[in-house]
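Residue-level structural notes
Each chain, written out:
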Amino acid sequence: MTTVLETRGLVKRFGGITATSDVSIAIEKGARRALIGPNGAGKTTLINLLTGVLEPSAGTIRLDGEDITTLAPHQRVRRGMVRTFQINQLFGELTPLQSLALSVSAQLGISARWWRGLGSDPRVAPQCDTLLQQFHLDDVMNQQVKHLAYGKRRLLEIATALACRPRVLLLDEPVAGVPEGERQEIFDIVNALPADVSVLLIEHDMDLVFNFANSVTVLVNGAVFAEGDVQTISNDPRVKAVYLGESTEERAHG
Amino acid sequence: MTAADGLKRNARWRWWEFALLVALVLSWFVLPGQALLLNEIAILALFALSLDLILGYSGVVSLGHAAFFGFGSYAAALFAKLVMPDPWVGMLVAIALSALLGAVTSVLILRGTDLTRLMVTLGVASLLYELANKLDWLTGGADGLPGIAMGPLVTPFGGFEFDIGGRTAYAYTLFVLIVCLAVGRRLVHSPFGYSLQALRDNRLRAASIGLAVNIRLVAVYTIAAAIAGAAGALLAQTSGFASLDVFDFHRSAEVLLVLVIGGTGYLYGGIFGAIVFKLLHDVVSAWTPQYWNFWLGVFLVVLVLVGRDRLTKPWTWWKRS
């Protein structure tokens, strides 16, 4: 298996707090990797470092062997590293169709065209159709995003990322707030991505993680605590103690 | 409906767009006596259109948009005085120079918050005001540049002198306005235009779908500066006069007001706003000259409290909302 995404000794400090501490991970082509850890373990910080929203204090990030540590977020997207957000980040005044058509145009490298219409390239509309149908957004595709129900906006959040044709997809709690019945659908779509697309999933719901992922990285206090396949991690007593045990305890209290 | 149909529908011409264009052209024929007022309205409309590109579409607030209007104005006046009096060439030169100024000053609006942008744009306009004031060997200082002799307007139908009634001037302004409107319409329906709206709504996400946010802001700020410069050039060329007033703060504030009255983010707000603003000014000033600002204030408060949608649709006034 070839490594697509690799970090070496990644560190992020905010003043005196170390949010990411010497993280070295490697994600293979086609991996379905889950990133888990208790609240405040630095999962979202790590995603922000990978996508370039934050600049690391030390360490390097490589995509396909190329050092991308200092690249701007949009340049990483063009190299195929695409993310979704834990809290929806959408274009409120646009419609789902316009949002997706723009994302597809950006992926095709024609988003700076200013003389021809948004849908004038024949490659744009078919890709939008596929995504709109996959995510059940075809009935609301001409409504402004800000007027959509939460569930629809959540679907658009994921669809927008897929419109960028990711090679490495970073999913930050993709089903947060999505009703139980619709969760599996989102994962089915993600699972159906081409086999060479790597997925890094941040998720709290252990059932989903163990269903979806084939390997797991456990993050505790900003550092890699354990790493392995699903079987090993779910049976690891140390992981149970810091994470799974803790969450059972929380459930008991709740 | 498929995506292809939906995308075509977005860019389709609406009936009222045609009606507006027809009305603009017709106004030249049916209101020959009002050409001077109409010319003023059209210049203000073009100026507001340029502000809409950065404010309405890209979410960049500005309290100093007169910087580009004034720069275009002085550029056109000086070009006519020092180089040659042809209005078309002068227009192109003014547009090019204003665009250059826009590109250079755009770096100032890339970072910071709305408040810092308000201050920075205000500062740039004040700076140019004082420069025009100090460089009196070139700009005439506080006296401005009066009595600029413009050459005839060369057209396929022959050359036309700028007349005292403003008929030639209004035809010229109308032509420039409609060309800019057509270009603007193309622009806002293109992928580039939608990317501006995307970065206005959510910069973080715009970058996360692979858009280079800063370069787009530079581009749209430059285009808006060019159009504002065209509006300024029209004023100097059709009035034969350029003065410090074109850089004044009240111009930046007025154009913002016009856009708020007409509505932002749909390209035509500047035109409707300019018509309402100038007609209101005309009517109120004729009726009670010294209280224009009072009635403008009343109008703005009503507009904001009632809402533009409700105000322009009287048949909804007695319905429960």
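Quantities reported herein were computed from a predicted structural model and do not represent experimental measurements.

**What to know about the pairing of strand S5 (residues 58-63) of chain A**
All names here are of chain A.
- In this structure, strand S1 (residues 3-14) lies alongside S5, joined through five bridges in antiparallel fashion. Looking at S5, one finds that Leu5 is bridged to Leu63.
- Sheet analysis places S5 next to strand S6 (residues 66-67), joined by two bridges and oriented antiparallel. In the sheet register, Arg62 faces S6, and the bridge partner there is Asp67.
- In this antiparallel pair of consecutive strands, S5 and S6, the connection spans two residues, and Asp64 shows a positive phi of 55°.

**Some points on the domain arrangement of chain B**
Residues and elements named next belong to chain B.
- Here chain B is partitioned into domain 1 (27-287) and domain 2 (291-321).
- Centre-to-centre, using C-alpha coordinates, domain 1 lies 27 Å away from domain 2.
- Listed as interface residues are six residues of domain 1 and, on the opposing side, six residues of domain 2.
- By residue number, the principal contributor to the side of domain 1 that touches domain 2 is helix H13 (residues 269-287), which donates four residues.
- Partitioning the side of domain 1 that touches domain 2 into residue classes produces three nonpolar, three polar and no charged.

**Observations concerning the sheet that holds strand S10 (residues 215-220) of chain A**
Residues and elements named next belong to chain A.
- Taking strand neighbours across the sheet as the criterion, the six strands line up as S7-S8-S9-S4-S10-S11 in an open arrangement whose pairing is mixed. Edge strands, defined here as strands with exactly one partner in the open sheet, are strand S7 (81-83) and strand S11 (223-229). Across the sheet, the axes of successive neighbouring strands diverge by a mean angle of 20°, strand direction being ignored.
- The pairing of strand S4 (residues 32-36) with strand S9 (residues 198-202) spans four bridges and is classified as parallel. Within S9, the residue paired with Arg32 across the bridge is Val199.
- Sheet contacts for helix H1 (residues 43-51): S4, S7, strand S8 (168-172), S9 and S10; angle to S8, the most-contacted strand, approximately 150°.

**Some thoughts on unusual backbone geometry**
Residue and element names in this part refer to chain A.
- At His136, a position not held by glycine, the phi torsion is positive, near 50°.
- Judged by the 14 C-beta atoms lying within 10 Å of it, His136 falls in the partly exposed class.
- Of note, the phi angle at Arg165 is positive, near 50°, even though the residue is not glycine.
- Along the chain, Arg165 turns up in the loop between helix H5 (150-163) and S8.
- For Arg165, a count of 17 C-beta atoms within 10 Å translates into the label partly exposed.

Conventions adopted
- Residues numbered from 1 in each chain as written.
- Chains lettered and ligands numbered in written order.
- Predicted model: local features only at pLDDT ≥ 70, side-chain atom pairs only at ≥ 80, totals over all residues.
- Pairing = 2+ DSSP bridges.
- Helix = DSSP H or I, 4+ residues; strand = E, 2+ residues; numbered from the N terminus.
- Domains from an automatic or database assignment.
- Contact = placed C-beta atoms within 7 Å.
- Nonpolar A, V, L, I, M, F, W, Y, C, P; charged D, E, K, R; others polar.
- Axes fitted to C-alpha atoms, helices over the stretch in contact; angles between N-to-C directions.
- Buried ≥ 20, exposed ≤ 12 C-beta atoms within 10 Å, placed from the backbone.

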